[in-house]
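# Observations on the three-dimensional arrangement
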Amino acid sequence: MAEAMAILSCEAARENRVEIDAELVRKARTCAKAFTDLYEFYYPGIFNYAMRTTMNVSVAEDVTSETFLKAFEGLTGFDPEKGSFAGWLYRIATNVMRDHFRKRSREALREGDELTYDLLRVKRMLGPRTMSQPAEQLEQHQRLHKAILTLKSAYRLAIVLHYFERKSQKEIAAIMGCTVLTVRWRLHHARHLLAGRLAGNLGG
Amino acid sequence: MATKADKIHNILKSIEPPEFVNPKHQAVLRGQLNEMVANKMLQEAKAGHAPAQAREGRRMKAWKPALAAGIAGLLACGALLWLKFHSAGDAFAKMPAFSLFREACAAEESLFKGEGIVSIVNEFVVKPISDPELARIRRYPMNSLAVSGKLRYDQLSLPAKPGEGYTVQDRAWYDQQTGRFARVMTVGGKAIFANSFDGTSVYLIEPDPAGVLKVVSKPVAADFQPPRNPAEFMGITAGLGRSGAFVEKKSNLISDAGEVTLPDGSAARVVRINTDTTGMTGKEMKDMKERMGDSYSLITIRKTDNTIAQVETVIQGQSYLVIRRLAVAPASASEVPWNLAGIEAQPVSAQTPSAPSVNRIPRIEPDDKKTRTNVSVQQMAEKAGYEAYIFAADPPWTVERHIDEIHDPILLPALGYMTTYCAKDGRHVVFAQENTLPGTFVQGPLAEKLKLVRVYASPNGFEVWRLPKQMGPGLLQAARTWTKEVPLADSAGYLIKTPAGTFPMLAVNGALSDDELHALIDSLIPAKEYLKKFPASDATGAEKTGTTSP
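Quick summary incoming for the structure in this document. Counting restarts for each chain, with residues numbered from 1 along the sequence as it is written. For naming, the first written chain is A and the first written ligand is 1, with later ones following in the order written. Selection of residues for local features in this predicted model requires a pLDDT of at least 70, selection of side-chain atom pairs for listing and counting requires 80 or more, and totals for whole chains, interfaces and linings are taken over all residues.

To continue, consider the overall build of chain B. Helix and strand assignments follow DSSP, with helices taken as H or I runs no shorter than four residues and strands as E runs no shorter than two, numbered in order from the N terminus. Scanning chain B for helices and strands turns up 15 helices and 25 strands. Three exposure classes are used, based on other C-beta atoms lying within 10 Å of a residue's own C-beta, which is placed from the backbone: buried for 20 or more, exposed for 12 or fewer, and partly exposed in between. In chain B, buried positions account for 41% of the 550 residues. Sequence separation of at least 24 residues holds for 65% of the intrachain contacts in chain B that already meet a minimum separation of 6. Here, residues touch in the contact sense if the C-beta positions derived from the backbone fall within 7 Å of one another.

Scanning chain A from terminus to terminus reveals 11 helices and 0 strands. Taken from N to C terminus, the helices and strands of chain A fall in the order α-α-α-α-α-α-α-α-α-α-α. Out of the 204 residues belonging to chain A, those deemed buried represent 41%. Partitioning the contacts of chain A with sequence separation of at least 6, the portion at a separation of at least 24 is 67%.

Here the focus is the nonpolar core. With 64 residues, the main nonpolar core has B:Phe101, B:Ala191, B:Ile205, B:Met234, B:Val271, B:Ile299 and B:Ile301 as its most contacted residues. Tallying contributions element by element places helix α5 (residues 97-110) of chain B first for this core, with 6 residues. Listed in part, the 56 residues of the second largest apolar core include A:Tyr42, A:Ala174, A:Val183 and B:Ile8. Only buried Ala, Val, Leu, Ile, Met, Phe, Trp, Tyr and Cys residues enter a nonpolar core, and they are joined through C-beta atoms within 7 Å.

Given the number of residues in a helix, its expected span is that number minus one, multiplied by 1.5 Å. An ideal rise of 1.5 Å per residue puts 20 Å on 14 residues; α5(B) measures up with 20 Å between its terminal C-alpha atoms. Buried within α5(B) we find B:Ala97, B:Phe98, B:Ser99, B:Leu100, B:Phe101, B:Arg102, B:Ala104, B:Cys105 and B:Glu108.

Residues and elements named next belong to chain B. Residues Met505 and Ala507 of strand β23 (residues 505-508) are buried on one face, and the alternating residues Leu506 and Val508, pointing to the opposite face, are buried as well. Pairing between two strands is assigned when DSSP locates at least 2 bridges connecting them. Across 4 bridges, strand β19 (residues 429-433) lies against β23 in antiparallel orientation. Paired with Ala432 across the two strands is Met505, which belongs to β23. Pairing of strand β22 (residues 492-497) with β23, which is carried by 4 bridges, proceeds in the antiparallel orientation. What sits directly across from Gly493, in β23, is Ala507.

Turning our eyes to something else, we now look at helix α9 (residues 153-164) of chain A. All names here are of chain A. The end-to-end C-alpha separation of α9 is 15 Å, in line with the 16 Å expected for 12 residues at 1.5 Å each. In terms of burial, α9 is largely enclosed, as 10 of its 12 residues are buried. Every buried residue belonging to α9 is among Tyr155, Arg156, Leu157, Ala158, Ile159, Val160, Leu161, His162, Tyr163 and Phe164, and all of these are buried. A positive phi of about 55° marks Arg166, the residue just after α9.

Laid out in structure tokens, this is it:
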């Protein structure tokens, strides 16, 4: 309700954020310390993205670390004219996760290893807002999330970016380095795969 | 299969993604990055002098390599020193706005960490504004120490007649060693609020049954601990909430608003904090912002010590309230009214609707969760502090009702109640009420800009206006915990003026016919009346199923 009663536009805040980022990136190029401000702001988002995609605390921590270290090293390669800093960071994180999935698929995995769902550790990481969700909703989410973890990385990333990170298809295309049509197809196909894997478990 | 895929889509859309926090890893990675930053700064410093260093090196290499290395080292050190001084001089000007604000909050907290007793003097300047409704509802959130020893939220109510203003003097003293404090707010030398702790008792001026302000005191319990962070209830950031948490949550709303010179000639930077509208989207909301004008806060921060010199609230582009720091100085124990002795309160005659006062929000403590779900009608009726309403009969197409109590001292100074009626066909109904802002949508200059269309005036004294298109979905969005659905873009939203003068909002997830709207409005009754009418019907609620969420 508080949100509904508030006055100013969220769009303005977002535009404001893009401006702040561009300024920080500019400063970070001449004064490395400015990067830590970007880090503080984006850490929660990137860690959450990694957690929602992998549901594995250790992997998510590695992905987040590697993302920020790569971003720090490659800051001079970021061009604000080509897109937002947030999008650029998500792209790095996505590539880091793809590398991770690729490496894992080359390794000899125990059956079901990819489904590592370290529930206890994951639960400990849940923020207060999620903890307050009704148990039934959390359970449904966990069921669905387990199914998402069985998808191939391209489908999994598309689903997470679209439904959990609330990215538009255009933004996903930029992050994943493909066309909007490809994103649409991946989302469509992923939903069908999930429906098949969750048959009988959807309730209602 | 297609329907199942659609179902997956709907479930995915309806689910709030889990949110994870990992402060431990964040700190570890921060450490790694800081190290990399330090190394890079060193490299940058070296690189900045590389050509000279290389030339020197080449020339000396043949005969004195050790000396060359020494000179190169000196050059690097010089560059580092230059960098250090250069950045120290420019740090203030270059610091991003949200970092600067964070520094300012830390500086404010540090005022209470020095040795001895600190005395702080601020003033609240209530600016004259022409809009009668905005002038009437002006308020500022603040905390006080209750005689129970717990912190609780108050509202500093600062009403004024249109075009008139006044100044509230705010004096505070704090003894870091003992935790003793006193805070006295006066208008024309008479107290409208006073609160203190003298080491053994807590003192507070409160109205007696006749409305006369009197000092009440209570000895503290043996396990009493004075509040850990005095900046939460004294000083210039006391109304901003817990400063650290505030800035972390709102950093995307903070921006730079330029540099100014203060009246004493010192330099300062201004940081702007926009109103939080998390969850609101769309072009229409942007248009609405343009029509309503800017509403934000301006924090003026001194260059010399990063302390806050002024907090200004701007509503619709007009300066609404200015809180100014007048002095911070050491004080002696003998000059502090630790037990509020000699404090003269405002006489009853001055306590008119347009006079400033401090209003208590009953039974709300800062420790309380922001949202309390499934409260009962009785709780709502008793705690609201205003006439709360409810439908005498649930909308016929709905199947269950949930009442949530919402408390956000920054956005919502009063307790808000959101009643959600869930429908099987998705046409959920949300009725939200509190006692502050939306009245300006239909009264005063803002209303002229918004031009809301009145769609109904009920025989029992309610008036109804249709809200701009995005407001209905906005309200329904807030009720997603219960509805579990993304609001439809064309959801209907209404603003209602009740006979008690409050302005609840109503939203329906879908279309609502005129007959349905009239029936709903005609069935609105005060919650207290509902309890008399249906004494046994309120068995559910917080007593039975209540849960809390932050």
